[in-house]
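Breakdown of the fold
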Amino acid sequence: MSPPPDPNSFDTPEDAAEAFLASLTQTVEAAEANRTQEATSKRRIRLDGAGALNVFLVLDASRSVNARDYESARDALGELVEKIASFGAVPRYGVLTFGSEPRVVLSPTEPSASDAAAVRERLRGMSLEEHSQAPGTNLAQALRAVYALLVQQERAEELQGLRPAPVTNSTRHVIVIMSDGRANMGGSPVPVVHQIRELLSIGRDPRDPREEFLDIYTFGLGEDQDKTLLDSLASKKSGETHSFSLRDIEDLQEVFHRMIDESSTLGLCGLSLEFNAATDRQRNPWEVTVTVTRPGRGQERCQGSLVSPYFVLTAAHCFTSEDEPTWLGVDIGGHTWDEPTWLGVDIGSREHRGVRGLFLHPEFSPASRRHRGVPEFYDFDVALVQLDRAVPPSDAHRPICLPCTEGAARALRLPERSSCQEHRRLLLPPRNVEAFLTLPRVTPGRLLLPPRNVDAFFLHPRRPAGLQRQRVLIKLGDQRAPCEADALRAPPYANVTALDDVVTARFLCSGGHEPQVDPNACPGDSGGPVVVTWGKRHFQVGVVSWGVVPACELRRAPGHARDFHINVFEVLPWLRERLRHEELGFLP
């Protein structure tokens, strides 16, 4: 039996995240029908889809909760759904909010209850206004609603001929309660917990208490929480913590964001921490700066992305054929100065690596079309830099996901042997796609010119905000052609008439003013990743190559300020060959 809670103490986000994740992992692992895990895939769990695990999310929407805190708690529950999905688990969810009366947002018997994306969409649609006419705090009635959902699920299973019903026999249940615990109506919720335990035959038989079939977690927020009541509702299990007392909503956000990171599992690529207190490194752990120091000729810098413990993906035009690996250095941390801050902004610690090998794409040949009047040709503008030492994964240093790999398949929740075409369909569908560029502006580099739109982003260290993700639309729909046509407005191509002498199928295009004003890359941004977010995971779909105009030198970039990026899907054969020993599991 744990001691009574100290009303004057709070759990730290670090301790709460670790304890909750440890307990939750045991529950999810126990629900797995056939556990055949290797040590390296300890938390890549597979569940059958037959309801082996129910997860109920219960959120306080009473008068004592303001709209900002409600939305943040709601989003934190979305992080939990994402976390469980990253395990590979497929539970059925029940979602409830409560004021004076409970509101069932999602029942575990609904078809979408096992679809993590649909559950998160349902969570995003919840509003505090739904309880504005009855804003009391009736926690007991909320738990009665959970009990009723369990009974409903039992009856549904019995109608399917399942006797005894799995929900009260073999299914495990997790109930997550977020509340200050200051119930002011409906009586004590503790007896309702006893009713739920009785329904699930928990604690009835001393020889088989079945305690493993129910875990109730409580998260109390703020100075006025009733810690004693919340602790009385939480499960009591040896070596596990089920009741957490947090100082404020920021701590709650941090708890659930910390759970998203898996520093010990390299297979989980493209993860970042997004909570308010996260550093820029934790938000963009793949970000690197590549420096070339040519004897007697000064330095040159480009950006890049960590794609495995030993390799960085960047732009080929950052180098010359004479460059030696010993002239290169890589800073994993996004800035290249010796000082701990850049422009007065602390953007996190960095690690330095020497370089063992430099590999430019064999078909990159910038002078190959000079006979056609094209002074510099950037097709196949990609390079790999091999580090002299591996970068161990952590919350501040982690590879981004490369499409068409087994790690990316898991992140996209596809079968590990899914096809590359399926990855492309999800990440670069034929319309404008939102993406971001992760491009700190440090010093000028060799960026010579600064069927849907894909949403992407990039980063800039600006005073005082530090690194910033800059969102752009990759033009893949009907705006692709006009985007690409603006390439001929670049000064070096003033005398070029054939667009395909400059732009090939291997380029992605962003920038311009339609349907939104896109930010532009700047000198020094070359080689940085163009990133598409899917769920809570990040995938590199492009490498920043060149731009039409030096937009960053202008007060307002013109509508023809376009940026061109190498499409990672189009250089996968070369990446597969060069990274064949990196255990990324490239798909056919």
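Values in this document were obtained by computation on a predicted structure and should not be read as measured data. (Residues numbered from 1 in each chain as written. Predicted model: local features only at pLDDT ≥ 70, side-chain atom pairs only at ≥ 80, totals over all residues. Heavy atoms only, no water.)

So, the overall build of the protein
The number of helices and strands found in the protein is 12 helices and 19 strands. Looking at the protein as shown, the accessible area adds up to about 23,700 Å², and 48% of this sits on carbon and sulfur atoms. (Helix = DSSP H or I, 4+ residues; strand = E, 2+ residues; numbered from the N terminus. Areas by Shrake-Rupley, 256 points an atom, 1.4 Å probe, with all protein chains shown as cover.)

Thoughts on the pairing of strand S7 (residues 287–294)
With 7 of 8 residues buried, S7 is to be regarded as a mostly interior element. In this structure, S7 lies alongside strand S8 (residues 298–306), joined through 8 bridges in antiparallel fashion. Pairing of Thr 293 across the sheet is with Gln 299, part of S8. Hairpin connection of S7 to S8: 3 residues between the antiparallel strands, including Gly 296 at a positive phi of 80 degrees. Here 5 bridges tie S7 to strand S10 (residues 328–332), and the two strands are oriented antiparallel to one another. Looking at S10, one finds that Thr 291 is bridged to Gly 329. (Buried < 20%, exposed > 50% of the residue type's maximum accessible area, 1.4 Å probe, protein only. Pairing = 2+ DSSP bridges.)

Observations regarding the packing of aromatic side chains
Inspection of every chain in the model, using the stated rule, returns 7 aromatic pairs. Centre to centre, the rings of Phe 219 and Phe 244 are 5.0 Å apart; their planes meet at 20 degrees, and the pair counts as stacked. A residue pair is termed long-range when its members are at least 10 positions apart, and Phe 219 in strand S5 (residues 214–221) and Phe 244 in strand S6 (residues 243–246) qualify at 25 residues. Overall, the relative accessible area of 0% leaves Phe 219 in the buried class. For Phe 244, a relative accessible area of 3% puts it in the buried group. With a centroid separation of 4.5 Å and an interplanar angle of 15 degrees, the aromatic rings of Trp 546 and Phe 564 are classed as stacked. Of this pair, Trp 546 sits in strand S18 (residues 537–547) while Phe 564 sits in strand S19 (residues 562–567), placing them 18 residues apart in sequence. Taken as a pair, Trp 546 and Phe 564 share a single burial class, namely buried. The positively charged end of Lys 227 is found above the aromatic ring belonging to Phe 10, 4.4 Å away from the centroid. (Phe/Tyr/Trp six-rings, centres within 6.5 Å; stacked < 30°, edge-to-face > 60°. Lys NZ or Arg CZ within 6 Å of the ring centre and 35° of its normal.)

Looking at the sheet that holds strand S3 (residues 102–106)
In space, the 6 strands of this open sheet follow the order S3-S2-S1-S4-S5-S6, with mixed pairing throughout. Where the open sheet ends on each side, the last strands, each with one partner, are S3 and S6. Across the sheet, the axes of successive neighbouring strands diverge by a mean angle of 15 degrees, strand direction being ignored. With 4 bridges joining them, S5 and S6 adopt parallel strand pairing. Across the sheet, residue Thr 218 finds its bridge partner in S6, namely Ser 243. (Axes fitted to C-alpha atoms, helices over the stretch in contact; angles between N-to-C directions.)

Some words on the sheet that holds strand S9 (residues 311–314)
Taken in spatial order, the 6 strands line up as S7-S8-S9-S12-S11-S10 and close into a barrel, and their pairing is antiparallel. Strand-to-strand twist of the sheet, defined as the mean angle between neighbouring strand axes without regard to direction, takes the value 40 degrees. Bridging between S8 and S9 involves 2 bridges; their strand directions are antiparallel. Directly across from Leu 306, in S9, lies its bridge partner Val 312.

Overview of the nonpolar core
If you look at the biggest cluster of nonpolar residues, it comprises 85 residues, and the most contacted ones within it are Trp 546 and Leu 575. Of the residues forming this core, the biggest block, 5 residues, is contributed by S18. Counting residues in each nonpolar core, the second largest holds 39 residues, with Leu 59, Val 65, Leu 80 and Phe 244 among its members. (Core = buried A, V, L, I, M, F, W, Y, C linked by side-chain atoms within 4.5 Å.)

Brief notes about the state of the cysteines
Within the structure shown, the criterion is met by 4 disulfides. Across the disulfide from Cys 483 sits Cys 509; the S-S distance is 1.9 Å. Taking the sign of the S-S torsion, about -80 degrees here, the bridge from Cys 483 to Cys 509 comes out left-handed. Of the two residues, Cys 483 sits in helix H11 (residues 480–485) while Cys 509 sits in strand S16 (residues 507–511), which places them 26 residues apart along the sequence. Using a relative accessible area of 2% as the deciding quantity, one classes Cys 509 as buried. (Disulfide = S-S within 2.5 Å.)

Some points on the side chain of His 397
Tracing the backbone through its elements, the reader meets His 397 in the loop between strand S12 (383–387) and helix H9 (406–411). A relative accessible area of 6% places His 397 in the buried class. Sequence-distant contacts of His 397, that is, excluding residues within four places in its chain, are made with Arg 281, Pro 285, Ile 332, Glu 351, Val 391 and Pro 392. (Contact = heavy atoms within 4.5 Å.)

Comments concerning the environment of Pro 164
Mapped onto the secondary structure, Pro 164 falls in the loop between helix H4 (139–159) and strand S4 (172–178). Sequence spacing of Pro 164 and Glu 154 is 10 residues, and the spatial spacing of their C-alpha atoms is 8.8 Å.

So, the pattern of salt bridges
The final tally for this structure, using the stated rule, is 24 salt bridges. In this structure, Glu 121 and Arg 124 form a salt bridge, with 2.7 Å as the shortest nitrogen-oxygen distance. Here Glu 121 and its partner Arg 124 are both found in helix H3 (residues 116–124), 3 residues apart, which amounts to about one turn of the helix. Since its relative accessible area comes to 47%, Glu 121 is described here as partly exposed. (Salt bridge = Lys/Arg side-chain N within 4 Å of Asp/Glu carboxyl O.)

A closer look at helix H10 (residues 420–427)
The complete set of buried residues in H10 reads Cys 420, His 423, Leu 426 and Leu 427. On an axial view of H10, the arc spanned by its buried residues comes to 125 degrees, and they lie on one face. (Arc of directions from axis to C-beta.)

Digging into the pairing of S16
The buried fraction of S16 is high, at 5 of 5 residues. Judged by which residues are buried, S16 turns out to be covered on both faces: Phe 507, Cys 509 and Gly 511 on one side and Leu 508 and Ser 510 on the other are all buried.

Let's talk about the packing of H4 against helix H5 (residues 190–199)
With their axes 9 Å apart at the nearest point, H4 and H5 run at an angle of 15 degrees to one another. Relative to H5, the element H4 lies roughly parallel. In the crossing of H4 with H5, the sense of the turn from one axis to the other is left-handed. Across from Ala 140, Leu 143, Arg 144, Val 146, Tyr 147, Leu 150, Val 151 and Glu 154 in H4, the residues of H5 making contact are Val 192, Val 193, Gln 195, Ile 196 and Leu 199. Along the lines of polarity and charge, the residues of the contact of H4 with H5 split into 10 nonpolar, 1 polar and 2 charged. (Parallel < 35°, antiparallel > 145°, perpendicular 65-115°, else oblique. Left-handed = near helix turned anticlockwise from the far one by under 90°. Nonpolar A, V, L, I, M, F, W, Y, C, P; charged D, E, K, R; others polar.)

Thoughts on unusual backbone geometry
Geometrically, the link from Arg 163 to Pro 164 is a cis peptide bond, its omega value of 0 degrees lying close to zero. Residue Pro 515 follows Glu 514 across a cis peptide bond; omega there is -5 degrees. Relative to the helices and strands, Pro 515 is located in the loop between S16 and strand S17 (529–534). The phi torsion at Phe 380 lies on the positive side, around 60 degrees, for a residue other than glycine. Tracing the chain through its elements places Phe 380 in the loop between strand S11 (351–360) and S12.

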